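So the chains spell out like this:
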Amino acid sequence: MEDKLLVISCKRGSKDALGRIYEKYKTDMLVLAMALLNDKSAAEDVMHDVFLSFVQNIEKFSLTGSFKGYLLTCLANRARNLNKAKHQQGVELDPAESVSSGSNEPLRAIMCNEQLQQLSNAMVQLPYDQREVIMLHFQAGMTFRTIGKSLGVSANTAKSRYRYGLDKLRSIFDSEAKNGTSR
């Protein structure tokens, strides 16, 4: 309900409502973009592009489902398009920079950052389609049916990509544990 009120306020020109939307969803969007692109700068650009597009098209926008799901689906689509463009140009995305924790406990922040970096390194080893489904399911809380619809595949295909992605992540972490290495 809050999102509907924020959207209505945005349509009426409220900058405060737009700021509230940005603050509410920027972290989720950045986390998803980082997982999909493995490049902090590109992730921030994609996130800002989605917000800019939302603002430019606010008059035509009608909220029919989850606003968070809508924003994260838009972000995933833009990230996919960027990955395709980079792949076609033969350009590699820069490695992800560490995202600092807001924690005041230095040791905890370091451990959290290290674990996030390990997860990021493992996620980037997944095929993009598996990584995308995993992040849309975990980060956006989207159902497989919704994910499938947004990707143009069946819910079963989305589930399979999810399952294969998790299996590959387990394999990566098991291999690292056996070798005593952390990426």
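Conventions adopted
Residues numbered from 1 in each chain as written. Predicted model: local features only at pLDDT ≥ 70, side-chain atom pairs only at ≥ 80, totals over all residues. Heavy atoms only, no water. Helix = DSSP H or I, 4+ residues; strand = E, 2+ residues; numbered from the N terminus. Buried < 20%, exposed > 50% of the residue type's maximum accessible area, 1.4 Å probe, protein only. Contact = heavy atoms within 4.5 Å. Areas by Shrake-Rupley, 256 points an atom, 1.4 Å probe, with all protein chains shown as cover. Salt bridge = Lys/Arg side-chain N within 4 Å of Asp/Glu carboxyl O. Core = buried A, V, L, I, M, F, W, Y, C linked by side-chain atoms within 4.5 Å. Axes fitted to C-alpha atoms, helices over the stretch in contact; angles between N-to-C directions. Parallel < 35°, antiparallel > 145°, perpendicular 65-115°, else oblique. Left-handed = near helix turned anticlockwise from the far one by under 90°. Nonpolar A, V, L, I, M, F, W, Y, C, P; charged D, E, K, R; others polar. Expected span 1.5 Å × (residues − 1). Polar contact = N/O pair within 3.5 Å; in protein donor to acceptor, adjacent residues only side chain to side chain. Phe/Tyr/Trp six-rings, centres within 6.5 Å; stacked < 30°, edge-to-face > 60°. Lys NZ or Arg CZ within 6 Å of the ring centre and 35° of its normal.

A short note on the overall build of the chain
A tally of regular secondary structure across the chain gives 8 helices and 0 strands. Expressed as a percentage of its 183 residues, the buried residues of the chain come to 37%. Across the chain, the fraction of contacts at a sequence separation of at least 24, relative to all contacts at a separation of at least 6, is 65%. If you sum the accessible surface of the chain, you get close to 11000 Å²; carbon and sulfur atoms cover 51% of it.

A short note on the pattern of salt bridges
On inspection of all chains with the given rule, the structure shows 8 salt bridges. Across the pair Arg20 and Glu2 runs a salt bridge whose closest N-O atoms are separated by 3.1 Å. Taken together, the residues span a long stretch of sequence, with Arg20 in helix α2 (residues 15-37) and Glu2 in helix α1 (residues 2-11) at a distance of 18 residues. Owing to a relative accessible area of 37%, Glu2 belongs among the partly exposed residues under this scheme. Three or more residues are tied together by salt bridges with common partners; here these are Glu2, Asp3, Arg20 and Lys24.

Description of the nonpolar core
It is characteristic of soluble globular proteins that their nonpolar side chains tend to be buried jointly. With 47 residues, the main nonpolar core has Ile21, Met29, Phe67, Leu71, Leu75 and Ile147 as its most contacted residues. Secondary structure elements with two or more residues in this core: α1, α2, α3 (40-56), α4 (67-89), α5 (106-123), α6 (128-138), α7 (144-151) and α8 (155-179). Per-element accounting of this core gives the leading share, 11 residues, to α2. Apart from residues no more than four positions distant in its own chain, Leu75 is found in contact with Met29, Leu32, Ala33, Val46, Met47 and Val50.

Section: the packing of α6 against α7
Taken N-terminus to C-terminus, the directions of α6 and α7 make an angle of 130 degrees; their axes are 10 Å apart at the nearest point. Of the possible angle classes, the one that applies to α6 and α7 is oblique. The hand of the α6/α7 crossing is right-handed. Where α6 abuts α7, its residues Glu132, Val133, Leu136 and His137 lie against Phe144, Ile147 and Leu151. Residue composition of the contact of α6 with α7, grouped by class: 5 nonpolar, 1 polar and 1 charged.

Brief notes about α3
The terminal C-alpha atoms of α3 lie 24 Å apart, and with 17 residues this matches the ideal 24 Å at 1.5 Å per residue to within 8%. The set of residues buried in α3 consists of Ala42, Ala43, Val46, Met47, Val50, Phe51 and Phe54. Here α3 starts with a cap whose side-chain oxygen sits 3.1 Å from the backbone nitrogen of Ser41, and that cap is Asp39.

Some words on the environment of Ala33
When you line up the elements, Ala33 lands in helix α2. Taking the relative accessible area as the measure of exposure, Ala33 reaches 0% and is therefore buried. Between the alpha carbons of Ala33 and Leu75 there is a distance of 7.0 Å; along the sequence they are 42 residues apart. Residue contacts for Ala33: discarding those within four places in its chain leaves Asn38, Ala43 and Leu75.

Concerning the packing of aromatic side chains
Going through the model one piece at a time under the given rule, you end up with 9 aromatic pairs. Here the aromatic rings of Tyr25 and Phe67 are separated by 5.7 Å at their centres, their planes lie at 75 degrees, and the arrangement is edge-to-face. Of the two residues, Tyr25 is situated in helix α2 and Phe67 in helix α4; the sequence distance between them amounts to 42 residues. Residue Phe67 is classed as buried on the basis of its relative accessible area, which comes to 1%. Three or more aromatic residues joined by ring pairs make a cluster, and in this case those are Tyr25, Phe54, Phe61, Phe67 and Tyr70. Its end group placed over the ring of Tyr164, Arg163 keeps NZ or CZ at 5.1 Å from the ring centre.

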